[in-house]
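Tertiary structure, described
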Amino acid sequence: MNIVGIIAEYNPFHNGHLYHLKQCKKLAEAEACVVVMSGNFTQRGEPAVFDKWTRSRLAVQCGADLVLELPFAYAVNSAEAFARGGVGLLDRLGCVTHIGFGAEHGSLPEMERLAGFLAEETAEFRECFKEFLAEGYSYARARERSVEACLGPDFANLSKTPNNILALEYLKQLKNQKSNIKPIMVNRKGTGYFDARPAGNIASASAIRHTLTAEERKNCVPPQVEEAFACRREVKGYFELIRSLVLRSSSEELSQILSVGEGLENRMKSQVRICRSLEEFVEGIATKRYPKTRIRRILCQMLMGLSSFEDCFYARVLAAGEKGKQVIRQIKKQGQIPVFTNINKEASLPEILKYDILAGDIYNILTGMELYRHCDYVTRPYMEKA
C-alpha cells in the first residue's frame, strides 16, 4: 500500500497543516500517513507551544496515522541536517512510498532541477559560495547568491522562502541518500499559505502562537487544538537558564557547542551580563554571517550539551491511530531501524536519544510540569482506540 511521509513541527497544528496533510494523502493515493515530528524544541531553537506528546496526539486526532519523533540532534539544527534526519528516518522505515512537503512557489520539476544542482556542487558553485561566505554572508544568503550567479535570478528566487528552502533540502537528501521515495509538492494557499492574519481559515503558526486572539484562533485551528490552548502551560525561566549556563561555562566550553564558530563564544560571554532579555541577548550575538535563528539554535544546543553526533536513526513512536498501529507492525517487518514504544524495555538505546530525553526534562521544568510523571521514561505514546 502507498504510505506518505511528512516531516513537520505542528507548532501548533492548524488548518493549513490539515489542508497539506489531506492533499498529500490524495496526491499519493495513500492509505496511511507517517509524520516525523520535532520534539519539545523546534528548528528555530525555541520551546514548542505544546509538548511533543500533546502535539503528536493532536496530529493523530486531526488525520495523521502515525507520529514518530525527529531526534533533537536533527530537529534543532540547520535546514540541511533537519532534512537529512527526516528523510533518513522515513527512508529506513522500509514502507514509505512518498514524501509530501509544501512550497511557497515553483513547480516540482524546477525544484528537482535546482536540488540536483545543489547536490552536485559544481566547481563553479563551490567557488562562488566560498567567495560570498568570505564576504560575510550567511549560509542561506551565500547559497542564494551563488545560485543566482550560476543559474540566474529565477532559480535564485526558488531558494529564498522558508518552505522552499526546506523543500530543496528534502529533494537533495532523496538524491544523496539514493532513496526510492517519490516526492509530492503542495503549493501553499494564499500568500505563502500561512498569512499573519486569518484568511480563509488559514493563519501562520507564529501568528497563532503570539498575535491572534482566542476568538481569531478558533477560526484557524481544529477544535482539538483550541481545547489544548485552554490548558496550555507557559514557558518560564528560559532566558535565566540560558544565562546561567553561559556564565558558568568557559569560552572554550562554549566553543564546543555544535553550531558555534568564529568567536561566537566570546560574543556570548561579553553580552551575557549586559542583556536583560533573550531577544536582547540573541540580537547582541547575531551577525550578518550568523542570523538570529541560528543563534537561537546554538543556545538550545548549549542547553542540551550537544557538541557533535553521528547519524543514527530510530523510530520513536509518539502517537498512533488504528492504521498507524498497522504501519508499526509493517515497519518491524520491513524496516532497517529499531522501533521504540517503551524505552524502559530496551536493553540499549542510541546515544543521541539521550538528548531527546533531556529535552523533555528541560521542557517540563520550563513549563512547571511534574518532572517524574511527565518524563520520557514514564509517559507512553498516545494510542487511539477503535
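Look above for the structure.
A brief look at the structure comes next. (Residues numbered from 1 in each chain as written. Predicted model: local features only at pLDDT ≥ 70, side-chain atom pairs only at ≥ 80, totals over all residues. Heavy atoms only, no water.)

Turning to the overall build of the protein chain, a few remarks are in order. In terms of helices and strands, the protein chain carries 19 helices and eight strands. Rg of the C-alpha trace for the protein chain: 20 Å, near the compact-globule value of 21 Å for 386 residues, within the 12% margin. Taken along its principal axes, the extent of the C-alpha atoms in the protein chain is 55 × 50 × 50 Å. Burial analysis of the protein chain (386 residues in total) assigns 55% to the buried set. Looking at the protein chain alone, contacts between residues at least 24 apart form 75% of all its contacts between residues at least 6 apart. Carbon and sulfur atoms make up 48% of the accessible area of the protein chain, which totals about 16900 Å². Taking the average location of the 52 positive side-chain charges in the protein chain and that of its 46 negative ones, the two points are 3 Å from each other. (Helix = DSSP H or I, 4+ residues; strand = E, 2+ residues; numbered from the N terminus. Rg over C-alpha atoms; globule rule 2.2 N^0.38 Å. Buried < 20%, exposed > 50% of the residue type's maximum accessible area, 1.4 Å probe, protein only. Contact = heavy atoms within 4.5 Å. Areas by Shrake-Rupley, 256 points an atom, 1.4 Å probe, with all protein chains shown as cover. Lys, Arg positive; Asp, Glu negative; His and termini not counted. Charge placed at Lys NZ, Arg CZ, Asp CG, Glu CD.)

Attention now goes to the packing of aromatic side chains. For the structure shown, the criterion picks out 14 aromatic pairs. Their ring planes at 85° and their centres at 5.2 Å tell us that Tyr74 and Phe309 sit as a pair that is edge-to-face. Taken as a pair, Tyr74 in helix α3 (residues 72-75) and Phe309 in the loop between α17 (292-304) and β6 (315-320) lie far apart in primary sequence, 235 residues in all. Ring geometry for Phe117 versus Phe125: centroids 5.6 Å apart, planes at 85°, classification edge-to-face. Residue Phe117 shares its accessibility class with Phe125, and that shared class is buried. One aromatic cluster is present, formed by Phe41, Phe72, Tyr238 and Tyr363 through successive ring pairs. (Phe/Tyr/Trp six-rings, centres within 6.5 Å; stacked < 30°, edge-to-face > 60°.)

Phe41, Leu93 and Phe281 are the most contacted members of the largest nonpolar core, which totals 98 residues. By size, the runner-up hydrophobic cluster in this structure holds 34 residues, among which are Ile6, Val35, Ala203 and Val221. (Core = buried A, V, L, I, M, F, W, Y, C linked by side-chain atoms within 4.5 Å.)

This next bit is on the side chain of Ser38. One can find Ser38 in strand β2 (residues 32-38). For Ser38, a relative accessible area of 0% corresponds to the buried category. Leaving out residues up to four positions away in the same chain, Ser38 has contacts with Ala8, Glu9, Arg55, Leu70 and Ala75.

Bringing the pattern of salt bridges into the picture now. One pass over the full model with this rule turns up 22 salt bridges. The residue Glu46 makes a salt bridge to Arg44 at a minimum N-O spacing of 3.8 Å. What makes Glu46 partly exposed here is its relative accessible area of 23%. Of the charged contacts, one joins Lys354 and Glu351 as a salt bridge, the two residues approaching to 2.7 Å between their closest N and O atoms. On the basis of relative accessibility, which here comes to 41%, the residue Lys354 falls in the partly exposed class. Connected through salt bridges with shared partners, the residues Arg44, Glu46, Glu279, Glu283, Lys292 and Arg296 form a single ionic network. (Salt bridge = Lys/Arg side-chain N within 4 Å of Asp/Glu carboxyl O.)

Summarising burial for strand β4 (residues 98-103): six of the six residues are buried, a large majority. Of the two faces of β4, both are covered, the one formed by His98, Gly100 and Gly102 as well as the one formed by Ile99, Phe101 and Ala103. Note: strand β1 (residues 3-8) against β4, three bridges, orientation parallel. Directly across from Ile6, in β4, lies its bridge partner Gly100. Where β4 and strand β5 (residues 182-187) come together, six bridges link them in parallel fashion. Bridging across to β5, His98 finds its partner in Lys182. (Pairing = 2+ DSSP bridges.)

Using the criterion set out here, one finds two cavities of 30 Å³ or more in the structure. Within this model, the largest cavity holds a volume of roughly 40 Å³. Around the largest cavity, the lining residues are Trp53, Arg316, Val317, Phe340, Thr341, Asn342, Ile343, Asp376, Thr379 and Pro381. Tallied by class, residues from the lining of the largest cavity come to five nonpolar, three polar and two charged. (1 Å grid on protein atoms, 1.4 Å probe; cavity = no way out; pocket = protein on both sides within 12 Å on 5 of 7 lines; lining within 4 Å. Points joined across faces, edges and corners; volume = space filled by probe spheres on them. Nonpolar A, V, L, I, M, F, W, Y, C, P; charged D, E, K, R; others polar.)

Attention shifts here to the pairing of β2. If a strand is regular, its side chains alternate between the two faces of the sheet. Of all the seven residues making up β2, seven are buried; the element is thus mostly covered by neighbouring parts of the structure. Neither face of β2 is left uncovered, since the one carrying Ala32, Val34, Val36 and Ser38 and the one carrying Cys33, Val35 and Met37 both have all their residues buried. As paired elements, β1 and β2 share six bridges and run parallel to each other. Opposite Ile3, over in β2, you have Ala32 as the bridge partner.

Turning our eyes to something else, we now look at the layout of surface pockets. In this structure, the second largest pocket spans a volume of roughly 410 Å³. Lining the second largest pocket are 20 residues, and of these Glu46, Pro47, His210, Val235 and Tyr238 sit closest to its centre. It is helix α16 (residues 278-285) that provides the largest number of residues to the lining of the second largest pocket, a total of three residues. For the lining of the second largest pocket, the residue count by class is nine nonpolar, four polar and seven charged.

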